Amino acid sequence: MNGFFIAVAIGFLFVSALWILRIFRTVLWLRLNVSENISSANGNNGVRFFVLIPVLDEIDILENTIKYFSSILQSFDGSKVIIVTTEEEYNLNYKGSGRDTVAMSKLLEKKYDNIICVHYPYTGGKMAHQVNYAVNFIRGSFQLKAGDYFALYNADSRPDSRTFYWVWRVVRSVRMGENPPQVFQQYGNYLGNYPIISRISNFLRKSILLSASLWQNRWSIGFEIPHSLDQFKERNARPSLFAPMNYCIGHGLFFSQRIYKEVGGFSEDMHNEDAIFGLQLNYYGYVIEPIPFFDVSYSPDSIKSLFFQKASWFFGPLQAFDYYFQITKNDPSVKRDRLLIFSLKLFSHAIYWIVGPSFLLFLFLCTAISGSTATWASFFLVYVCFLVVPNFLSWIIFRGKDATGTLVIFVYLLSGSFFFYMLHGLSGWLSTFRYFGFVVFNYPIRKSKTLILHEHSN
């Protein structure tokens, strides 16, 4: 084994240890903050929620989603669920075709007393266009107060039923004269469609898709929440260039009208609107407060959908310097050095995205060429410690006492994690080339919808 091989292997083992430590830190935080007794708001006492659900071709799952949110919000007087449809629907489905999400949304508005249907009347827009349109509609239709929050969710979201009660209690616990938190972030549990993935007959495909689901869960508890906690513990610290960087996710995101006005809404120019939104919050010194309950989300059930979903998400950190230039253009008073540091921190996530799989592939190729027992043993140790063990821990943590067939899950992870991780890195390279084509040749980058099969689909 050469020196570079050993250095890379040791680097992976060091990072593996950090992953495991961060995961256990999250578990400790969850145990300290999760209460089973959060079940009633006892009246809203001035706190209202406006849940924004942008939809496009969601007829299979929409009614169950609306029923779920409508039931939760019954405890909060004046709270509303806003279904945000778009004219783009008719580029996918003809009116009267039986797959008209706009028509279904109007029926749901009549069926439930706390549902509002808002239609974005243009084609070609992204989710940011729908969200901005809906927020401005609510701001013009309701007399909003300091205790009102917008909450952004996907059409297939299923947040823990205690989520809104927990946010309500945090807001109500703020002392007189103090400002309540302006932003809350809920993180994802991507095993929502595990029953569907578990029934896939092809062993390798199932292994890859399950590895992808558990990678996302590992990312929630081993990266996103720890970064949020780092920022959260610094909430009263003096802003500095070394302040923790914490980004936003486009589902499970609670934000106040004050924040929305200060950052100028969600960017309609960028591929991922949540990434630049989070960068702005970091720069302006707003803490993104973590919620200790999860949004049950869905992971793609096909390799193709998984690949293009990852490629789309990669643009979040990849465009960090585009965010920098747009923010400085819109706000000339910005301290450029501080914003640049935050942009670099966000861009580093794109570097990790590509470098990790590339280095693991390097270790594998060196191992295959060498063929020695010691080299294979070293590679296997790195592979298990870095990819399999943290993902397996996420399975145990999210499935808890109900986790069955843990040995079988370990075998699936052992078989599929390498292929998933290579796919993960390849998606980043694809988006890098797409971005290069956009910058140099002005080739448009289109954001495609991720197709996912749901347990309750018709």
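Preceding this section is the structure that the text describes.
Definitions and cut-offs
- Residues numbered from 1 in each chain as written.
- Predicted model: local features only at pLDDT ≥ 70, side-chain atom pairs only at ≥ 80, totals over all residues.
- Heavy atoms only, no water.
- Helix = DSSP H or I, 4+ residues; strand = E, 2+ residues; numbered from the N terminus.
- Buried < 20%, exposed > 50% of the residue type's maximum accessible area, 1.4 Å probe, protein only.
- Contact = heavy atoms within 4.5 Å.
- Pairing = 2+ DSSP bridges.
- Core = buried A, V, L, I, M, F, W, Y, C linked by side-chain atoms within 4.5 Å.
- Salt bridge = Lys/Arg side-chain N within 4 Å of Asp/Glu carboxyl O.
- Phe/Tyr/Trp six-rings, centres within 6.5 Å; stacked < 30°, edge-to-face > 60°.
- Arc of directions from axis to C-beta.
- Polar contact = N/O pair within 3.5 Å; in protein donor to acceptor, adjacent residues only side chain to side chain.

J.: Quick question: what am I supposed to make of the overall build of the protein here?
T.: Along the backbone of the protein there are 15 helices and eight strands. Counting the 458 residues in the protein, one finds 55% classified as buried. Across the protein, the fraction of contacts at a sequence separation of at least 24, relative to all contacts at a separation of at least 6, is 82%.

J.: What exactly am I supposed to notice about the pairing of strand S7 (residues 253-256) here?
T.: Along a regular strand, successive side chains alternate from one face of the sheet to the other. Here S7 shows a buried face lined by Leu253 and Phe255 and a second buried face lined by Phe254 and Ser256. Here four bridges tie strand S4 (residues 148-152) to S7, and the two strands are oriented antiparallel to one another. Among the inter-strand pairings, Phe150 is bridged to a residue of S7, identified as Phe255. Pairing between strand S6 (residues 183-189) and S7: three bridges, direction antiparallel. Following the sheet pairing, Phe184 is matched in S7 by Phe254.

J.: What should I look at first to understand the nonpolar core in this one?
T.: In this structure, Leu360, Leu363, Ile409 and Tyr421 are the most contacted members of the largest nonpolar core, which totals 64 residues. The greatest single-element share of this core, amounting to eleven residues, is contributed by helix H8 (residues 203-233). Excluding residues within four positions of it along the chain, Leu363 makes contact with Phe5, Val8, Ala9, Phe12, Phe379 and Val382. In terms of nonpolar packing, the next biggest core, distinct from the first, is built from 34 residues, Ile72, Ile115, Tyr153 and Ile291 among them.

J.: Honestly, the pattern of salt bridges in this entry has me stumped. Any pointers?
T.: Pairing between side chains of opposite charge can happen when their charged atoms approach one another. All told, the structure shown has four salt bridges when counted by the stated rule. Taking the shortest distance from any N to any O, the salt bridge between Arg48 and Asp148 comes out at 2.8 Å. Taken together, the residues span a long stretch of sequence, with Arg48 in strand S1 (residues 48-54) and Asp148 in strand S4 at a distance of 100 residues. Summarising the burial analysis for this pair, Arg48 and Asp148 share the class buried.

J.: Got a minute to help me understand the packing of aromatic side chains in this structure?
T.: Aromatic ring pairs are described here by two measures, namely the spacing of the ring centres and the angle between the planes. Under the defined criterion, the tally for this structure stands at 50 aromatic pairs. With 5.9 Å between their ring centres and 85 degrees between their planes, Phe49 and Phe254 make a pair best called edge-to-face. Taken together, the positions of Phe49 in strand S1 and Phe254 in strand S7 put the pair 205 residues apart, joining distant regions of the chain. Each of the two residues, Phe49 as well as Phe254, counts as buried. An aromatic cluster of at least three residues, connected via ring pairs, comprises Phe12, Trp19, Trp215, Trp219, Phe223, Tyr247, Phe386, Phe420 and Tyr421.

J.: Just to check I follow, could you spell out helix H4 (residues 101-111) for this structure?
T.: Residue pairs three or four apart in sequence face the same way in an α-helix, which turns once every 3.6 residues. When we look at burial in H4, the residues that qualify are Thr101, Val102, Met104, Ser105 and Leu108. On an axial view of H4, the arc spanned by its buried residues comes to 160 degrees, and they lie on one face. The exposed residues of H4 that point more than 90 degrees off its buried face are Leu107 and Lys110. Where H4 begins, the side chain of Asp100 points an oxygen toward the backbone nitrogen of Val102, at a separation of 3.0 Å.

These results come straight from atomic positions and should not be treated as a statement about function.
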